[in-house]
Amino acid sequence: MIGLISATAAGAAARDRLAAAWPDRTRVYEGPVKDAVRTAFAQCEQLVCFLATGAVVRLVAPLLGDKASDPGVVCVDEGGRFAVSLLGGHGGGANELALEVGELLGAEPVVTTATDAVGIPGLDTLGLPVEGDVAGVTRALLDGEPVALDAEVSWPLPPLPFAAQGTHTVRLTDRAVEPADSEVLLRPPSLVVGVGASRGAPADEVLALVEDALRDAGLSRRSVAWLATVDAKREEPGIVEAAARLGVPVMTYSAQELTGVEVPNPSEAPLSAVGTPSVAEAAALVRGGELLVPKRKSARADGHASMATCAVVRRPARGRLAVVGLGPGARDLLTPRATAELRRASVLVGLDQYVDQIRDLLRPGTRVLESGLGAEEERARTAVAEARTGQAVALIGSGDAGVYAMASPALAEASDDIDVIGVPGVTAALAAGAILGAPLGHDHVSISLSDLHTPWEVIERRVRAAAEADLVVTFYNPRSRGRDWQLPKALAILAEHREPTTPVGVVRNASRPDESSRVTSLVSLDPATVDMMTVVTVGNTATREIAGRMVTPRGYRWQDTSSTSGSAVGQGQGDVR
């Protein structure tokens, strides 16, 4: 929850704008400012104070405890010109909050954290538990001193200026070791603990077993990714509570899946109870990995039979591939999620002209692998291969990466040995539609007229189906110097089912500085004015040009003028499907 505190009418107005925009994220604190700050500091994860920074410093100073637990604090000045990340920039999320507040209020975010200022990711912002001399090692990175990476476990990291050897070290490990001087430990979630339990097994017994197994093997509980078990134990209270106390989820698998996993210590007991000869070992190994702790049973002081078993596996190193849609080209149509993935990647793969669009967003040290037009499959293979080496990779495409872009070839190449994250983007059809008006207000279809990889016979069949179904059609890749007959042919097919006056929208370079658009008609469109940078949207039989805009009615019943206004409105509100 974000606490909002103000002292003046101007501050209250800005405060209320945030409260209205984020009703589920914010809480307004009224009353004397000193009391409001004290209460919000104790109750909230973050604060936005519409006060001078000096006043907020004096108010929060007596409340400060530890940077790992203090809330993030952002200050907004009386004029609403700046959103200052004052406290908890990384741990409290104040840096990101300042950016969000600035975007919403039109204020300039002010972030003074040293790592953010020079584009180096903070060691405490990597999403991994961190221990040791974070301040000292970070200072060494900022000062250009050699900092070595000791990766005992492979894990995808953003670009950091590591050296082969150094006076400072970042150690990536799941071992239960203490950090040395001038060393930071990063704890990757590399361990899976398989758990089997009898009905009614106490959570204390399950948790003690897991912790003993980790301690005896010299492994850190902070690197446990999840507890794994059989489906039949999905809701076993002892397992569920033990996982909650460890702060990890429970993953379950069917008995059939576990039966197919080869294990060193199968048993008849689980086979008769839940249908698989192994639960703990098989559940830990089902996704592969190295068995570090074979099945062991819990020990009970009361002399009764053990009620729990566990096994520990180090899961295989997994790279990360983010397939990122950049939108139609305008920077303000690039989503925050896409920006975050670009800054997270240590390797970027993309078409050279798309790389140029976002090069300034990349962190220093990002390795860029770019190529020209026509190398889509090569880029997809390259991105997957880099991810398989354990890297954090971003593969970029225009619009939405899943629409006539890089997601399809990449996912066709990838297997389940890497993590794949899709980042949606604003498609060309949507960007063009917003410029034209509302041409996609009812059912619609997108069709690429490029026959480089799809036979024209298939494309023509799809155009005819869309024409007969009376769908609005958006044509991608409508015409190039080497493909000048496909668009006239497609328009002729549509003309067999639509009036010559059917509105047609033509948008070139949607959202870019040289954007151009027009609404014409099916009979008037000159295909020679269209190129590969153009999107052509052909209306259906209901599409109209209204005030220069292209509009396809949604078909709400309340728009039927033959209905009475009262009953028609009621029907319309209940008929939104």
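Above this note sits the structure.
Conventions and cut-offs
Residues numbered from 1 in each chain as written. Predicted model: local features only at pLDDT ≥ 70, side-chain atom pairs only at ≥ 80, totals over all residues. Heavy atoms only, no water. Helix = DSSP H or I, 4+ residues; strand = E, 2+ residues; numbered from the N terminus. Buried < 20%, exposed > 50% of the residue type's maximum accessible area, 1.4 Å probe, protein only. Contact = heavy atoms within 4.5 Å. Areas by Shrake-Rupley, 256 points an atom, 1.4 Å probe, with all protein chains shown as cover. Lys, Arg positive; Asp, Glu negative; His and termini not counted. Charge placed at Lys NZ, Arg CZ, Asp CG, Glu CD. Pairing = 2+ DSSP bridges. Salt bridge = Lys/Arg side-chain N within 4 Å of Asp/Glu carboxyl O. Core = buried A, V, L, I, M, F, W, Y, C linked by side-chain atoms within 4.5 Å. Phe/Tyr/Trp six-rings, centres within 6.5 Å; stacked < 30°, edge-to-face > 60°. Expected span 1.5 Å × (residues − 1). Arc of directions from axis to C-beta. Axes fitted to C-alpha atoms, helices over the stretch in contact; angles between N-to-C directions. Parallel < 35°, antiparallel > 145°, perpendicular 65-115°, else oblique. Left-handed = near helix turned anticlockwise from the far one by under 90°.

K.L.:
Teacher, can you tell me more about the overall build of the protein chain here?
P.N.:
A tally of helices and strands in the protein chain yields 19 helices and 28 strands. Projected onto the principal axes, the alpha-carbon positions of the protein chain cover approximately 85 × 65 × 60 Å. Buried residues in the protein chain amount to 46% of all 577 residues. Taking contacts inside the protein chain between residues at least 6 apart in sequence as the whole, the part at least 24 apart equals 63%. Of the roughly 27400 Å² that the protein chain leaves accessible, carbon and sulfur atoms contribute 51%. If the 55 positive side-chain charges of the protein chain are averaged to one point and the 71 negative ones to another, these points end up 2 Å apart.

K.L.:
Is there a simple way to explain unusual backbone geometry in this structure?
P.N.:
Among all residues save glycine, negative phi is the norm, and among peptide bonds the norm is trans. At Asp470, a residue that is not glycine, the phi angle is positive and equals roughly 60°. Structurally, Asp470 can be placed in the loop between helix H17 (456-468) and strand S23 (472-476). In this structure, Ser511 is a non-glycine residue whose phi angle is positive, near 75°. Within the secondary structure, Ser511 sits in the loop between strand S24 (503-508) and strand S25 (516-521).

K.L.:
What am I meant to see in the environment of Ala410 here?
P.N.:
With respect to the element layout, Ala410 can be found in helix H15 (residues 407-413). Placed 10 residues apart in sequence, Ala410 and Val420 show a C-alpha to C-alpha distance of 9.5 Å. Beyond its immediate chain neighbours, meaning those up to four positions away, Ala410 contacts Leu321, Ala380, Val384 and Leu395.

K.L.:
Would you explain the pairing of strand S1 (residues 2-6) in this entry?
P.N.:
For a regular strand, side chains alternate in direction, first toward one face of the sheet and then toward the other. Among the 5 residues in S1, 5 count as buried, and that is most of the element. Residues Ile2, Leu4 and Ser6 of S1 are buried on one face, and the alternating residues Gly3 and Ile5, pointing to the opposite face, are buried as well. Strand direction decides the pairing type here: S1 and strand S3 (residues 46-50), joined by 5 bridges, are parallel. By the bridge assignment, Gly3 is partnered in S3 with Leu47.

K.L.:
Could you clarify how one ought to interpret the pattern of salt bridges in this entry?
P.N.:
A side chain with one charge can pair with a side chain of the opposite charge if their charged atoms come near. Going through the model one piece at a time under the given rule, you end up with 29 salt bridges. For Asp204, the salt bridge goes to Arg245, with nearest N and O atoms at 2.9 Å. Here Asp204, found in helix H7 (residues 203-216), pairs with Arg245, found in helix H8 (residues 237-246); they are 41 residues apart in sequence, far enough to count as distant. Put simply, Arg245 and Glu241 hold a salt bridge, and the shortest N to O gap is 3.1 Å. Within this pair, Arg245 and its partner Glu241 are both found in helix H8, separated by 4 residues, close to a single helical turn. What makes Arg245 partly exposed here is its relative accessible area of 39%.

K.L.:
Sorry, what's going on with the nonpolar core here?
P.N.:
A general trend in soluble globular proteins is that nonpolar side chains are found buried together. Residues Val193, Val195, Leu214, Leu227 and Val312 are the most contacted members of the largest nonpolar core, which totals 24 residues. At the level of elements, strand S11 (191-197), H7, strand S12 (224-230), H8 and strand S15 (308-314) are the ones that each hand at least two residues to this core. Here this core takes 6 residues from H7, the largest share from any one element. If we skip the residues at most four places from it in the chain, Val312 touches Val192, Val193, Ala213, Leu214, Leu219, Glu290, Leu291, Leu292 and Val293. Grouped together as the second largest cluster of nonpolar side chains are 21 residues, Ile447, Ala467, Ile493 and Val530 included.

K.L.:
Mind showing me how you'd approach the sheet that holds strand S21 (residues 437-438) here?
P.N.:
To summarise the sheet geometry, strands pair through backbone hydrogen bonds and adopt either a parallel or an antiparallel arrangement. Strand order in the open sheet formed by 3 strands is S21-S28-S27, and the pairing between neighbours is mixed. Each of the sheet's edge strands pairs with one partner strand only, and the pair in question is S21 and strand S27 (544-546). Across 2 bridges, the pairing between S21 and strand S28 (residues 549-551) is parallel. Paired with Gly437 across the bridge in S28 is Met550.

K.L.:
Quick question: what am I supposed to make of the packing of aromatic side chains here?
P.N.:
Where two aromatic rings form a pair, the distance of their centres and the angle of their planes describe that pair. Considering all chains together, one arrives at 2 aromatic pairs under this definition. Ring geometry for Tyr404 against Tyr476: centres 4.7 Å apart, planes inclined by 50°, an arrangement best described as tilted. With Tyr404 in the loop between strand S19 (392-397) and H15 and Tyr476 in strand S23, this residue pair connects regions lying 72 residues apart in the sequence. Its relative accessible area of 43% is what places Tyr404 among the partly exposed residues. Considering the side-chain rings of Trp456 and Trp485, the 5.0 Å spacing of their centres and the 70° angle between planes classify their relative orientation as edge-to-face.

K.L.:
Looking at this structure, I do not really get helix H4 (residues 94-105). What am I missing?
P.N.:
With 12 residues, H4 extends 16 Å between its outermost C-alpha atoms, agreeing within 8% with the 16 Å of an ideal straight helix rising 1.5 Å per residue. For H4, the full list of buried residues reads Ala94, Asn95, Leu97, Ala98, Val101, Gly102 and Leu105. Taken end-on, H4 shows its buried residues confined to a sector of 160°, consistent with a single buried face. Facing away from the buried surface of H4 by more than 90 degrees, the exposed residues are Glu96 and Glu103. Phi turns positive one or two residues past the end of H4, at Gly106, with a value near 75°.

K.L.:
Any chance you could explain the packing of H7 against H8 here in plain terms?
P.N.:
Any two packed helices are characterised by the angle at which their axes cross and by the distance between the axes. Relative to each other, H7 and H8 sit at 55°, their axes nearing to 8 Å. Overall, the two elements H7 and H8 adopt an arrangement that is oblique. Here H7 runs over H8; the crossing is right-handed. Within the contact between the two elements, H7 uses Ala203, Asp204, Val206, Leu207 and Val210 and H8 uses Gly238, Glu241, Ala242, Arg245 and Leu246.

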